Amino acid sequence: MAVAAATAGIPRNRARINHMSVYAANPKKVAQDLAFLIGGHAEPNGPLRSDEESDKSWICLFNKEDAKADGSPVWLLDPGVVDFLEVYPRSYRLIRGGDGRADFEHYDARPERGVGVHFNLSVDVSRAELEALCAQRGLRCAWREYLPLLDVWLEEDPAVLIELVPPLEGGDAGEAA
């Protein structure tokens, strides 16, 4: 209460998401499919590094120009590195480590059902182009008639859904360009 009273009337910057994390059965495919759809960049990166492809974490940088020109991995501890999605394998889970910081432990969540994730991204790609890109990758998608967005299923069981919001064209986002 005292903090709220002390900060009342002080203008604040809008909160923003710098990055977010999801779990997927195939982190590489999810990161690469998302990068393909939005013109981003996918690379193996993040805290889970392994010789086993199924145990690696991947990232998708939302903006391709944020990738390193030499192809080396982006240093994720740089506070200037933002606008990306971390994709962890379902063979690990996030835990609070002994020192109170984030850590991971091996945990096979693949048999579990019922937990899906979704997020919403504004993109500079038309509805028609998004639908064509989804077709190229073999991704299921559907236009929501009541909202100007395209549901894209990166994985279906459990779900990894992205809602892609293309630019509004001609005032009617419901019609393909």
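These lines cover the structure that appears in this document, whether it is placed above or below. (Residues numbered from 1 in each chain as written. Predicted model: local features only at pLDDT ≥ 70, side-chain atom pairs only at ≥ 80, totals over all residues. Heavy atoms only, no water.)

### Regarding the packing of helix α2 (residues 27-38) against helix α3 (residues 127-137)
Link 1 in the chain: Contact geometry of α2 with α3 gives a least axis separation of 9 Å together with a crossing angle of 145°. Of the two possible hands of crossing, α2 and α3 adopt the one that is right-handed. Residues Q32, D33, F36 and L37 of α2 form the contact with α3, whose participating residues are L130, L133, C134, Q136 and R137.
Link 2 in the chain: Of the residues in the contact of α2 with α3, the class split is five nonpolar, two polar and two charged. (Axes fitted to C-alpha atoms, helices over the stretch in contact; angles between N-to-C directions. Helix = DSSP H or I, 4+ residues; strand = E, 2+ residues; numbered from the N terminus. Left-handed = near helix turned anticlockwise from the far one by under 90°. Contact = heavy atoms within 4.5 Å. Nonpolar A, V, L, I, M, F, W, Y, C, P; charged D, E, K, R; others polar.)

### Description of the packing of aromatic side chains
Link 1 in the chain: All chains considered together, the criterion is met by two aromatic pairs.
Link 2 in the chain: Centre to centre, the rings of Y23 and Y88 are 5.8 Å apart; their planes meet at 55°, and the pair counts as tilted. Of the two residues, Y23 is situated in strand β1 (residues 19-24) and Y88 in strand β4 (residues 84-89); the sequence distance between them amounts to 65 residues.
Link 3 in the chain: Note on Y23: relative accessible area 26%, which makes it partly exposed.
Link 4 in the chain: Every member of this aromatic cluster is reached through a ring pair, and the members are Y23, Y88 and F104.
Link 5 in the chain: Across from the ring centre of Y107, 4.1 Å away, lies the NZ or CZ of R93, which sits over that ring.
Link 6 in the chain: One residue, R137, lies across the ring of F36, its end atom 4.6 Å from the ring centre. (Phe/Tyr/Trp six-rings, centres within 6.5 Å; stacked < 30°, edge-to-face > 60°. Buried < 20%, exposed > 50% of the residue type's maximum accessible area, 1.4 Å probe, protein only. Lys NZ or Arg CZ within 6 Å of the ring centre and 35° of its normal.)

### Some points on α3
Link 1 in the chain: Among all positions of α3, only R127, L130, L133 and C134 are buried. An end-on view of α3 places all buried positions within 125° of arc, on one side of the element. Pointing more than 90 degrees away from the buried face of α3 are the exposed residues A135 and Q136.
Link 2 in the chain: Close packing links the buried residues of α3 with α2, β8 (140-144), β9 (149-156) and β10 (159-165).
Link 3 in the chain: Positive phi appears at G138, one or two residues downstream of α3, with a value of about 70°. (Arc of directions from axis to C-beta.)

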